[in-house]
Amino acid sequence: MTQSNTIKQQQAQRILELFAIARQRYLDAGGDPRCTPRGLKGDDYMTYEERQEALVLGRQIFPQEYIDNTVRSIKYPPVES
């Protein structure tokens, strides 16, 4: 395994740890274990520092091209007026 892959695996492990911490806070606050919080700022159960770390790690793990392609491929439901 290359050093780059090892670093990416460590980064992925850390981001999963951050999500697990936030999930436990959600459950401790009485959240429904069958659901997840929306993930929006203020409803993600992360501290500011954890959120910033997760963003930095996400940008290091996933190249911008991958993110752009994923966003373009999402099929949003039609908006009713």
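Structure's up top.
Quick caveat, the model's predicted, so the values are computed rather than measured.

Parameters at a glance
One numbering rule holds for all chains: residues counted from 1, following each sequence as written. Selection of residues for local features in this predicted model requires a pLDDT of at least 70, selection of side-chain atom pairs for listing and counting requires 80 or more, and totals for whole chains, interfaces and linings are taken over all residues. To get the side-chain values, take all heavy atoms of the structure and skip hydrogens and water. Helix and strand labels come from DSSP, where a helix needs a run of H or I of at least four residues and a strand needs a run of E of at least two; each type is numbered from the N terminus. A radius of gyration in this sense is built from C-alpha atoms; the matching globule rule multiplies 2.2 Å by the number of residues raised to 0.38. Think of it in three bands: with a 1.4 Å probe and only protein chains considered, a residue is buried below 20% of the maximum accessible area for its type, exposed above 50%, and partly exposed in between. Any two residues whose heavy atoms approach within 4.5 Å at even a single point are treated as in contact. For the accessible areas, the method is Shrake-Rupley and the probe is 1.4 Å, while residue cover comes only from the protein chains on display.

S.K.: Can you explain the overall build of the protein? Please cite residues and give values.
M.R.: For the protein, the helix and strand inventory stands at three helices and zero strands. From first element to last, N terminus to C terminus, the protein shows the α and β order α-α-α. The C-alpha atoms of the protein give a radius of gyration of 16 Å, which is well past the 12 Å a tight globule of 81 residues would have. With respect to the three principal axes, the spread of C-alpha positions in the protein is 50 × 35 × 25 Å. Counting over 81 residues, the protein shows a buried share of 20%. The long-range fraction of contacts in the protein, counting pairs at least 24 apart against all pairs at least 6 apart in sequence, stands at 48%. Here the protein has roughly 6,700 Å² of accessible surface; of this, 57% comes from carbon and sulfur atoms.

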